[in-house]
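As a plain string of letters, each chain reads:
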Amino acid sequence: MSNSIPEIRDLDFMFIIGSNTTEAHPIIAMEMKVARQRGARMVVADPRKIWLTEYCDMHLQLKPGTDVWLVNAMAQVIVDKGLVDKDFIAKHTEGWPELKANLAKFKLAEAERVTGVPAALIKAAAIEYATTRKAAIYYTLGITEHAHGTDNIFSLANLVMMTGHLGVPFGGLNSLRGQNNVQGATDAGATPLYYTGFQPAGDPAIRAKFEAAWQTELTAGVGKNLNEIMKGVEDGSVKALYVMGEDILISEPNTNHLEHGVKKLEFLIHQDIFMNETTKYAHVVFPGANFAEKDGVFTNTDRRVQRVRKAVNPPGNARPDWEILCDFARAAGYAMPHYSDPGEVYAEIASLAPRYAGISHERLDATPMGIQWPCPSPDHPGTVYMHKDGPVKGKGTFIITNFRPPVELPDEEYPYNLATGRVLYHYNAGTQTRRDSGTMAKVGECQIEVHAEDAARLGVKDGDKVKVVSRRGGVYAKVWISGRVQKGNVWMPLHFTEAAINKLTIDVGDPLAGTAEYKVCAVNLLPVKPGNGDTPEHESDPALVSLHKGNGQH
């Protein structure tokens, strides 16, 4: 996040796009509700009628994958109405004339046709955002999990800069990170593009600095992103894999294909707190300690570094991850230093990354609410909002974006669009939350949300079982006739091993980030006849075999 969570309740305008905040980030959603109750305006852009649409002033219910058209059309309205921040653009940006020329083609009438959002709503949302000073944008995986996810983010960044909502309190472009401490993992260097502290891996001077500190030769250039690694597993070019804290056979797309590759790996290490689907294929399993069983720090979505303290001992042979990694490195032949505790590890991070130079375990122990980076020195208070004196890199670059449709759209054979996501009561692959009777009592099985008209065409009702099939695989789920999805669209949660929806999803990634397109995937629904086990109706009756194609009925 460029800004901070505590600012949310004092906003006057919130634009929430691609974020089912109440279910994926409920604490942040509570802050949004506080802001709404004190009079802040709220606009939600989402293909589904998520819970936040019950609180918002405008719901821009766009067609899946049309975010670039929506945001660029809003930007063009702002240009047409003369609402751009000319001073900010002149002082702090570059590339404005080129962007302005490109936006001219994003007309409201065509935006309505492409996105399905009424032109009047697009116009009203754009004007309110541009004319409200305490206005912020929030997004998450509904923006990033597309084959054009970076274009979505660039379009939003253009919108923020052209209106001068960057580098000010109660504003900014705010990414709500998808998992606990994912911000901290990226900060520490768990990314193919950067060393610790977002220092470019492709910069020879940066590489030389880390080679000197770590006393070893490092590979030149950037590494492979997750999508590229998984493709390497599938085609055999990746021979060994060290998986830590992730169940790739649930969370990665096109898992049927990936599973074939995982079976052929010469060596697979899996380090986690529970056994899961990936563990089944591991040659070695390292039992890790969970958050309550180790010391360290977490960094949350608004860059706030906070201490985590051990409450109980880990069970059996489980150990903190950092200890396992250090011992593994030594066994592999690297002279890893013998750190006395996690505080010493963090001190090394701070010594190599300027934006964390002022943060230490000792200082965090005396700062219960944590410290937000950048924090370049021990006497620096931390940074509540970024870019106060202009973009950190000097000038913010406007990046031209043009609409690219999703890779796989519904057709005659697969007439529905599937999007995936989370429910409030479960977390990611469900490895942890499905072990709890309370969460399972709330949501104990996988359901597929289906529009009433689609359900009528299919001849199914609430609770009926269907087989959901794509070009890559099939899973079973119970029908939930829902007013939340648009006609022709279905939605499923990702938490259930027995209905592993990533057997269906397409493993095409964004060309820059590599993030897979989890939000748009063409599927068909095949009703399962009661008393017929798991055999779809068309498979048990030869007269129906030819009917499941072409009409969306079977």
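As shown above, the structure is provided for reference.
Residues numbered from 1 in each chain as written. Predicted model: local features only at pLDDT ≥ 70, side-chain atom pairs only at ≥ 80, totals over all residues. Heavy atoms only, no water.

K.L.:
Residues and numbers for the overall build of the chain, please.
P.N.:
On a plain count of helices and strands, the chain comes out with 20 helices and 23 strands. For 554 residues, the compact-globule estimate of 2.2 N^0.38 gives 24 Å, and the C-alpha radius of gyration of the chain, at 24 Å, lies within 12% of that figure. Burial statistics for the chain: of 554 residues in total, 52% are counted as buried. Looking at the chain alone, contacts between residues at least 24 apart form 68% of all its contacts between residues at least 6 apart. In the form shown here, the chain has an accessible surface area of approximately 24100 Å², with 55% of it arising from carbon and sulfur atoms. (Helix = DSSP H or I, 4+ residues; strand = E, 2+ residues; numbered from the N terminus. Rg over C-alpha atoms; globule rule 2.2 N^0.38 Å. Buried < 20%, exposed > 50% of the residue type's maximum accessible area, 1.4 Å probe, protein only. Contact = heavy atoms within 4.5 Å. Areas by Shrake-Rupley, 256 points an atom, 1.4 Å probe, with all protein chains shown as cover.)

K.L.:
Give me the nonpolar core: which residues, what numbers.
P.N.:
Ranked by internal contacts, the top residues of the largest apolar core, which has 44 residues, are Phe 15, Ile 17, Leu 60, Ile 137, Leu 156, Leu 159 and Met 162. At nine residues, helix H3 (residues 67–80) tops the list of elements feeding residues into this core. Sequence-distant contacts of Leu 156, defined by excluding residues within four places in its chain, comprise Phe 15, Ile 17, Val 71, Ile 137, Tyr 139, Ile 143 and Leu 173. Core analysis: the second largest hydrophobic core is formed by 28 residues, Tyr 416, Met 492, Phe 496 and Ile 501 among them. (Core = buried A, V, L, I, M, F, W, Y, C linked by side-chain atoms within 4.5 Å.)

K.L.:
Lay out the packing of helix H6 (residues 108–115) against helix H7 (residues 119–131) with the relevant residues and their values.
P.N.:
Viewed as axis vectors pointing N to C, H6 and H7 meet at an angle of 115°, and their least axial separation amounts to 8 Å. Taken together, the axis directions place H6 and H7 in an arrangement best described as roughly perpendicular. The two elements H6 and H7 cross, and the hand of that crossing is right-handed. On the side of H6, the interface is formed by Leu 108, Ala 111, Glu 112 and Thr 115, while H7 contributes Ala 119, Ile 122 and Lys 123. A class-by-class count of the residues in the contact of H6 with H7 yields four nonpolar, one polar and two charged. (Axes fitted to C-alpha atoms, helices over the stretch in contact; angles between N-to-C directions. Parallel < 35°, antiparallel > 145°, perpendicular 65-115°, else oblique. Left-handed = near helix turned anticlockwise from the far one by under 90°. Nonpolar A, V, L, I, M, F, W, Y, C, P; charged D, E, K, R; others polar.)

K.L.:
Can you break down the pairing of strand S1 (residues 13–17) residue by residue, with the values?
P.N.:
When you tally the buried positions in S1, you get five out of five residues, the bulk of the element. Taking every second residue as pointing to the same face, both faces of S1 are buried, with Phe 13, Phe 15 and Ile 17 on one and Met 14 and Ile 16 on the other. Pairing analysis gives five bridges linking S1 to strand S5 (residues 135–139), with the strands arranged parallel. In the strand pairing of S5, Met 14 is matched with Ala 136. Pairing geometry for S1 and strand S2 (residues 41–45), over five bridges, is parallel. Within S2, the residue paired with Met 14 across the bridge is Met 42. (Pairing = 2+ DSSP bridges.)

K.L.:
Explain helix H16 (residues 342–352) to me, and be specific about the residues and the numbers.
P.N.:
For H16, every residue scored as buried is listed here: Pro 342, Gly 343, Tyr 346, Ile 349, Ala 350 and Leu 352. The elements touched by buried residues of H16 are strand S8 (199–200), helix H11 (204–214), strand S12 (296–299), strand S13 (304–308), helix H15 (321–331) and helix H17 (361–365). Where H16 begins, the capping side chain belongs to Asp 341, and its oxygen is found 2.9 Å from the backbone nitrogen of Gly 343. (Polar contact = N/O pair within 3.5 Å; in protein donor to acceptor, adjacent residues only side chain to side chain.)

K.L.:
Explain the pairing of S2 to me, using residue names and the numbers behind them.
P.N.:
S2 sits mainly inside the fold: four of its five residues count as buried. Relative to strand S3 (residues 58–60), S2 runs parallel, the two being bridged by three bridges. Note that in S3 the partner of Val 43 across the bridge is Met 58.

K.L.:
Requested: an account of the sheet that holds strand S6 (residues 173–175), with residues and values cited.
P.N.:
Strand order in this open sheet of five strands is S3-S2-S1-S5-S6, and the pairing throughout is parallel. In this open sheet, the two edge strands, each paired with only one partner strand, are S3 and S6. Here the strands of the sheet are splayed against their neighbours by 20° on average, with no regard to which way each runs. Packing of helix H9 (residues 149–162) onto the sheet brings it into contact with S1, S5 and S6, and relative to S5 it is tilted by some 175°.

K.L.:
Please give an account of the sheet that holds strand S11 (residues 284–287) that cites residues and values.
P.N.:
Hydrogen bonding along the main chain pairs the strands of a sheet, whether they run parallel or antiparallel. Here we have three strands laid out as an open sheet, ordered S9-S10-S11, and parallel in their pairing. At either margin of the open sheet sits one strand with a lone partner, and together these are strand S9 (240–244) and S11. In this sheet, neighbouring strand axes are inclined to one another by 10° on average, regardless of whether the strands run parallel or antiparallel.

K.L.:
Hey, could you go over the pattern of salt bridges for me, with residue numbers and the actual values?
P.N.:
The final tally for this structure, using the stated rule, is 28 salt bridges. Salt-bridge contacts for Glu 23 lead to Arg 484; the nearest nitrogen and oxygen are separated by 3.1 Å. Residue Glu 23 is found in helix H1 (residues 21–24), and its partner Arg 484 is found in the loop between strand S19 (474–481) and strand S20 (489–493); the two are separated by 461 residues along the sequence. Among the residues examined, Arg 484 registers a relative accessible area of 12% and is labelled buried. The partner of Arg 41 in a salt bridge is Glu 128, with the nearest N and O atoms 2.7 Å apart. Taken together, the residues span a long stretch of sequence, with Arg 41 in strand S2 and Glu 128 in helix H7 at a distance of 87 residues. Residue classification places Glu 128 among the buried positions, given a relative accessible area of 18%. Residues participating in the shared-partner salt-bridge network are Glu 23, Arg 48, Glu 449 and Arg 484. (Salt bridge = Lys/Arg side-chain N within 4 Å of Asp/Glu carboxyl O.)

K.L.:
Requested: an account of the packing of aromatic side chains, with residues and values cited.
P.N.:
Under the counting rule described, the total for this entry stands at 12 aromatic pairs. Taken together, the ring pairs in this structure connect Tyr 194, Phe 198, Tyr 356 and Trp 373 into an aromatic cluster. Above the plane of the ring of Trp 373 lies Arg 303, whose end atom (NZ or CZ) is 5.9 Å from the centre. (Phe/Tyr/Trp six-rings, centres within 6.5 Å; stacked < 30°, edge-to-face > 60°. Lys NZ or Arg CZ within 6 Å of the ring centre and 35° of its normal.)

K.L.:
Please set out a nonpolar patch on the surface residue by residue, giving values where relevant.
P.N.:
A cluster of nonpolar side chains, Leu 193, Tyr 194 and Val 222, forms an exposed patch at the surface whose accessible area comes to about 250 Å². Among the structural elements, Leu 193 can be located in the loop between helix H10 (182–188) and strand S7 (194–195). (Patch = residues over 30% accessible without salt bridge, like charges linked within 9 Å, V, L, I, M, F, W, Y side chains within 5 Å.)

K.L.:
Tell me about the side chain of Thr 505, and name the residues and values.
P.N.:
Residue placement: Thr 505 occurs in the loop between S20 and strand S21 (506–509). Judged by relative accessible area, Thr 505 falls into the buried class, the value being 0%. Here Thr 505 is in contact with Pro 253, Asn 254, Thr 420, Arg 472, Tyr 518 and Cys 521, once residues within four sequence places are set aside.

K.L.:
I'd like to hear about the packing of H3 against H7, residue by residue, with values.
P.N.:
For the pair H3 and H7, interaxial distance at closest approach is 9 Å and the crossing angle is 65°. Remark: the crossing between H3 and H7 carries right-handed chirality. Contact residues: Leu 70, Ala 73, Met 74, Val 77 and Ile 78 in H3; Ile 122, Lys 123, Ala 125, Ala 126, Ile 127 and Ala 130 in H7.

K.L.:
Kindly report on the environment of Asn 276, identifying the contributing residues and their values.
P.N.:
Mapped onto the secondary structure, Asn 276 falls in the loop between strand S10 (267–272) and S11. On the accessibility criterion, Asn 276 (8% relative accessible area) is buried. A C-alpha to C-alpha distance of 38 Å links Asn 276 and Ala 357, two positions 81 residues apart in sequence. Setting aside anything within four residues of it in sequence, one finds Asn 276 in contact with Asp 247, His 270 and Thr 431. Within polar-contact distance, the side chain of Asn 276 engages the side chain of Asp 272 at 3.4 Å. At 3.1 Å, the side chain of Asn 276 and the backbone nitrogen of Thr 278 are in polar contact.

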